[in-house]
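Topology and contacts: notes
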Amino acid sequence: MYEEQLTAYAMRALSTVPGIRLLGTAPGKIGVLTFLQAGADPMDLAGLLDRRGVAVRARHHCAQPALAAYGVTSAVRASLAVYTRRGRSTPW
């Protein structure tokens, strides 16, 4: 339940950011958000988010066929779970 609500919240929030392209928006999906920012390299975006206390992964995520279906070779991926909270993160 929490992951479903968190995933829906994150998808809505990301969809309001100009230039963000969500990959994989099937109804009922939970736990993983994969996205791109127009004009930004996924590794650079991951580094920027890391400096703001947001942990994500970047590159191909061992999912090259899935990424190829979207016409890309790499992306940013956020994994959501019970330890994920809404709002601004505070770095350790």
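This write-up is about the structure you can find in this document. (Residues numbered from 1 in each chain as written. Predicted model: local features only at pLDDT ≥ 70, side-chain atom pairs only at ≥ 80, totals over all residues. Heavy atoms only, no water.)

Here we look at the sheet that holds strand β4 (residues 75–79)
Test applied: If DSSP finds at least two bridges between two strands, the strands pair. Runs of E in the DSSP output that reach at least two residues are strands. Runs of H or I that reach at least four are helices, and both are numbered from the N terminus. As a rule, the C-alpha atoms of each element are fitted with a line to give its axis, helices using only the stretch in contact, and angles between N-to-C directions run from 0 to 180 degrees. The contact definition used throughout considers only heavy atoms, calling two residues in contact when any of these lie within 4.5 Å.
Spatial ordering of the open sheet is given by β1-β2-β4-β3, a layout of four strands whose pairing is antiparallel. On the outer flanks of this sheet lie β1 (20–23) and β3 (57–59), each paired with one strand and no other. Ignoring which end each strand starts from, the neighbouring axes of this sheet average 30° apart. In terms of strand pairing, strand β2 (residues 32–37) meets β4 through four bridges, oriented antiparallel. Residue pairing in the sheet places L33 in a bridge with A78 of β4. Most of the contacts of helix α1 (residues 2–15) go to β2, to which it runs at about 5°, and overall it touches β1 and β2.

So, α1
In plain terms, the rule: Working rule for helices: expected span equals 1.5 Å times residues minus one.
The end-to-end C-alpha distance of α1 is 20 Å, a good match for the 20 Å that 14 residues give at a rise of 1.5 Å each. Against β1 and β2 lie the buried residues of α1.

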